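Descriptive analysis of the structure
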Amino acid sequence: MIVPMIKYSFLVYHKQYEEFLDEIRNIGVVHIIEKPFEETQTLKANKSLLNEYSSTISLLKKRLKNQNSVTESADTDDLSYDGFALLDQFKNYQQRLEYNNQKLTALKKELNAVEPWGDYDLHRIESLSRNNLSFRFFVASKQKFKSEWENQYPIEVISETGTSVYFVLVQANKENYEIEADEIKIPKVSLAQLKSEYDFFINDNIKVNKGLDDLASQINVFEKAKNDLFGDISYERVKLSTQKEADERVMLLEGWIPEENSTSVSDYCDKIRVLYISSKPEESDKVPILLKNNKFAKLFEPIGKLYSLPTYAEIDLTAFLAPFFMIFFGFCLGDAGYGLTILALVTYYKMFKAKAEIKPILTLVQYLGAATILMGLVSGTVFGVNLLDTGYLLNNESLKFLASSNVPQDIISKISGIVGQHYATRDQYFAAITGAIGADDLNEYRSEFMRSAFSDYSILNSFRHLILDSQNMFNLALVFGMFQILFGMGMKAANMIKQKSFVFSISTISWMILIIGLIVLQGGAAAGYFTKESVTMPTYILLGVSGIGILFFNDPSANIFISFAKGLYDIYGMATGIFGDLLSYIRLFALGTSGAILGFVINQIAVQFLSIHYAGPILFVIFLIIGHTLVLLLSVLGAFVHPLRLTFVEFYKNSGFAGGGKAYKPFTN
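Summarised in this report is the structure supplied together with it. In this convention, every chain numbers its residues from 1, walking through the sequence in written order. Residue-level local features of this predicted model are given only where pLDDT is at least 70; pairs of side-chain atoms are given and counted only at 80 or more, and the full residue set underlies all totals for whole chains, interfaces and linings. Derived side-chain values reflect all non-hydrogen atoms in the structure, with water molecules and hydrogen atoms excluded from consideration.

**Quick notes on the sheet that holds strand S3 (residues 133–141)**
Strands are labelled as partners when DSSP assigns at least two bridges between them. Per the convention used, a helix needs a DSSP run of H or I reaching at least four residues, while a strand needs a run of E reaching at least two, with both numbered from the N terminus. Taken together, the four strands give an open sheet; going across it, the order is S4-S5-S3-S6, and neighbouring strands pair in antiparallel fashion. The outermost strands of the open sheet, each flanked by one partner alone, are strand S4 (155–160) and strand S6 (182–184). Going from strand to strand, the sheet's axes swing by 30° on average, the running direction of each strand aside. Here nine bridges tie S3 to strand S5 (residues 164–172), and the two strands are oriented antiparallel to one another. When the sheet's bridge partners are listed, Ser 134 is paired in S5 with Gln 171. Only the stretch in contact is used when fitting a helix axis, every axis being a line fitted to C-alpha atoms; angles between N-to-C directions are given from 0 to 180 degrees.

**A look at a nonpolar patch on the surface**
A residue counts toward a patch only above 30% relative accessible area and without a salt bridge, and it is joined to like-charged neighbours within 9 Å or, for Val, Leu, Ile, Met, Phe, Trp and Tyr, to nonpolar neighbours within 5 Å. Accessible surface area values rest on a Shrake-Rupley calculation with a 1.4 Å probe, where residue burial reflects the displayed protein chains alone. The rule for a salt bridge is simple: a side-chain nitrogen of Lys or Arg has to be within 4 Å of a carboxyl oxygen of Asp or Glu. Side chains of Ile 548, Phe 552, Ile 560, Phe 561, Phe 564, Leu 568 and Ile 571 sit close together on the surface and give an oily, nonpolar patch of about 660 Å² of accessible area. Of all the elements in the fold, those that place two or more residues in the nonpolar patch are helix H21 (532–552) and helix H22 (560–584). In terms of residue count, H22 provides more of the nonpolar patch than any other element does, five residues in total. Secondary-structure assignment places Ile 571 in helix H22.

**Looking at the packing of aromatic side chains**
When two rings of Phe, Tyr or Trp (its six-membered ring) have centres within 6.5 Å they constitute a pair, described as stacked for plane angles under 30 degrees, edge-to-face for angles over 60, and tilted for the intermediate range. Inspection of the entire model under this criterion finds 45 aromatic pairs. Arranged with centres 5.3 Å apart and planes meeting at 55°, the rings of Phe 145 and Phe 167 form a pair that is tilted. Of this pair, Phe 145 sits in the loop between S3 and helix H5 (149–152) while Phe 167 sits in strand S5; the two residues are 22 residues apart in sequence, bridging distant segments of the chain. The buried label goes to any residue with under 20% of its type's maximum accessible area, the exposed label to any with over 50%, and the partly exposed label to all in between, with areas taken from a 1.4 Å probe on protein chains only. Note on Phe 145: relative accessible area 15%, which makes it buried. Consider the rings of Phe 200 and Phe 201, whose centres lie 5.2 Å apart with planes at 75°: the pair is edge-to-face. A relative accessible area of 8% means that Phe 201 is categorised as buried.

**Details of unusual backbone geometry**
Backbone geometry places Ala 246, a non-glycine residue, at a positive phi of 50°. Within the secondary structure layout, Ala 246 lies in the loop between strand S7 (243–245) and strand S8 (250–258). Overall, the relative accessible area of 48% leaves Ala 246 in the partly exposed class. Of note in this structure, Tyr 614 is not a glycine but carries a positive phi near 65°. Of note, Tyr 614 is situated in the loop between helix H23 (586–609) and helix H24 (616–655). When its relative accessible area of 81% is taken as the criterion, Tyr 614 is described as exposed.

**Concerning the packing of helix H1 (residues 17–27) against helix H8 (residues 262–272)**
Contact geometry of H1 with H8 gives a least axis separation of 11 Å together with a crossing angle of 155°. As summarised for this structure, H1 and H8 are arranged roughly antiparallel, according to the angle between their axes. Relative to H8, the crossing made by H1 is right-handed. Contacts from Glu 19, Phe 20, Glu 23, Ile 24 and Ile 27 in H1 reach Ser 264, Val 265, Tyr 268, Cys 269 and Ile 272 in H8. Just so you know the grouping, Ala, Val, Leu, Ile, Met, Phe, Trp, Tyr, Cys and Pro go in nonpolar, Asp, Glu, Lys and Arg go in charged, and all remaining residues, Gly too, go in polar. Looking at the contact of H1 with H8 residue by residue, the classes come out as seven nonpolar, one polar and two charged. For classification purposes, an angle smaller than 35 degrees is called roughly parallel, one larger than 145 roughly antiparallel, one from 65 to 115 roughly perpendicular, and anything else oblique. Whether a crossing is left-handed or right-handed is set by the direction in which the near helix is turned from the far one by less than a right angle, anticlockwise for left-handed and clockwise for right-handed. Contacts between residues were defined by any pair of non-hydrogen atoms, one from each residue, lying within 4.5 Å.

**Considering the pairing of S8**
The buried fraction of S8 is high, at eight of nine residues. Note that strand S1 (residues 5–13) and S8 share nine bridges and pair antiparallel. By the bridge assignment, Tyr 13 is partnered in S8 with Val 250. Relative to S8, strand S2 (residues 31–32) is paired through two bridges, and the arrangement is antiparallel. Across the sheet, residue Ile 32 finds its bridge partner in S8, namely Gly 255.

**Considerations on the environment of Tyr 17**
Here Tyr 17 shows up in helix H1. Ignoring sequence-local partners within four residues, the contact set of Tyr 17 consists of Val 12, Val 238, Thr 242, Met 251 and Leu 253.

**Topic: the pattern of salt bridges**
Counted under the stated rule, the structure contains 20 salt bridges. A salt bridge links Lys 91 to Glu 52; its shortest N-O distance comes to 3.1 Å. Taken together, the residues Lys 91 in helix H3 (residues 83–114) and Glu 52 in helix H2 (residues 41–67) connect sequence positions 39 residues apart. Its relative accessible area of 33% is what places Lys 91 among the partly exposed residues. Here Lys 298 makes a salt bridge to Glu 301, at a shortest N to O gap of 3.9 Å. We classify Glu 301 as buried; its relative accessible area is 7%.

Encoded structure:
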């Protein structure tokens with residue numbers, strides 16, 4: 001439900017304006033109507049600073065998460081904590097860390113180059129060079145290096161790696177040996193120096209990270225500073241949105257207040273003698289949206305907001321999409337075992353681990369888990385096991401039940417040959433009965449034969465006959481689809497009545513009457529409830545009455561010819577669109593079936609492990625856990641996305657939902 005709003009226009013004397021704003025902010029219920037304004041340098045700087053706080057808090061939260069520890073929060077009331085100073089400190093640490101990492105990368109390269117030469121005294125080399133004895137550094141691949149060089153030239157191999165040989169040639173300055181190897185410049189920094197520098201930056205990084213960890217423990221100071229800054233920005237925006245009148249002596253400010261909270265503002269204005277005008281929203285007003293739903297529907301508000309908030313003139317559909325979304329999720333996931341797993345895990349997490357702010361989301365997931373259990377039982381799937389195929393056995397108790405269920409004695413006599421025989425699947429069981437009594441009699445007493453057969457698991461005997469097979473699940477998906485489409489059309493008619501008048505809803509209501517009427521009359525005739533002759537005349541009357549509404553009331557604001565033309569176009573759009581919409585709901589069946597098949601395949605593969613001696617049972621359990629976990633994760637994704645699509649496309653389209661509303665954001669501390 002959308003909370004009714006009242007528009008307020010305040011006229012405030014300029015000397016009491018700041019006091020007025022402070023108190024309005026303290027009351028915290030006025031959504032200020034912002035006027036176009038040019039941003040000041042202060043506002044731009046504060047917005048930039050706000051982004052810095054946001055990114056810093058995000059980084060520190062990741063740091064805390066990586067630490068996986070609970071740190072003691074700083075007291076934000078302690079004046080010694082300055083959010084801006086901490087932010088400056090954070091930036092210094094970040095810059096230092098970045099500089100250190102760059103240096104470490106460069107030093108690492110230098111170390112790799114110097115390390116093969118070991119630690120040498122560069123000053124002694126230079127001293128010897130000045131005394132007519134020079135050192136030349138060479139590197140050659142092992143293939144090119146010739147061992148006879150050690151006899152031919154005054155060289156000394158310093159080190160070898162997997163592919164290269166590093167050696168030094170010592171010669172008098174006047175000599176100049178030619179060796180087929182790569183001569184490299186003598187590194188100007190020794191290995192010891194490089195290692196010392198490298199260690200320095202490593203140790204400094206440790207100090208910096210320690211400092212960042214300390215800052216992370218004060219994240220609440222950053223959050224408080226961010227909130228304070230956000231308040232300053234809001235305050236500045238409100239001041240810039242103020243319209244100045246009477247030589248800037250009177251300030252005009254407009255805003256929206258929830259009707260239920262308007263008294264507090266009115267009382268304050270009366271108290272300080274501020275002139276104000278309150279009025280109901282007009283059609284052209286862009287009224288902010290505040291939703292107020294019951295506990296159940298409120299859980300689904302985040303889902304509705306993924307698409308858009310309704311406009312003020314529309315009906316909030318949150319409460320109406322909630323049950324559909326829940327059931328569709330369960331339909332798509334379609335496994336009672338998976339639903340039970342979700343419900344158990346989320347309940348445990350909610351009770352012992354979860355923070356208060358995410359508990360509503362977890363409650364929503366609990367509902368989705370419960371819906372999955374329900375739909376899993378309807379389809380008879382538990383962890384990939386099809387409950388319909390859990391063994392069928394007729395015995396003397398079965399015959400007594402059939403007799404008490406008014407099944408003719410001659411039919412009971414015909415099945416005496418299969419009494420006592422066990423059938424693994426329902427298809428095998430029905431095939432045996434069909435062979436005994438024929439398909440027609442089976443169809444007539446199918447329910448009785450389902451209820452009379454004993455399962456391999458006695459717990460199923462009382463409700464297995466209620467489980468729907470794949471054909472019925474397919475039909476159920478279409479029934480859900482048609483029901484939601486018609487329900488959406490009903491919401492569209494209600495929206496028309498709310499926004500305009502009843503006459504604008506006649507076309508939509510006519511479509512609903514036509515569709516429901518055709519389903520009843522023609523569907524009833526096809527199912528054998530009516531004869532074709534008996535529904536012919538009612539069908540013509542239905543087409544005529546609904547046709548008038550569709551063609552002549554399509555657009556009551558236009559003249560009758562334009563309305564008629566629009567009605568014809570509407571018929572084309574509806575005829576092509578409604579079938580497409582209805583077929584979209586087959587995805588409910590398809591996703592549920594695919595998940596069940598994947599679970600079945602996991603079970604079949606896992607069973608094969610049991611043939612392995614000793615380790616077989618362990619592998620069986622491990623494979624079942626891993627396999628069903630993967631199927632569950634995959635299926636949950638589809639079970640969430642596809643009901644979203646059915647809601648935002650098919651349901652919203654048939655509801656005439658436009659959306660585009662802006663959220664109510666009161667001016668507050």
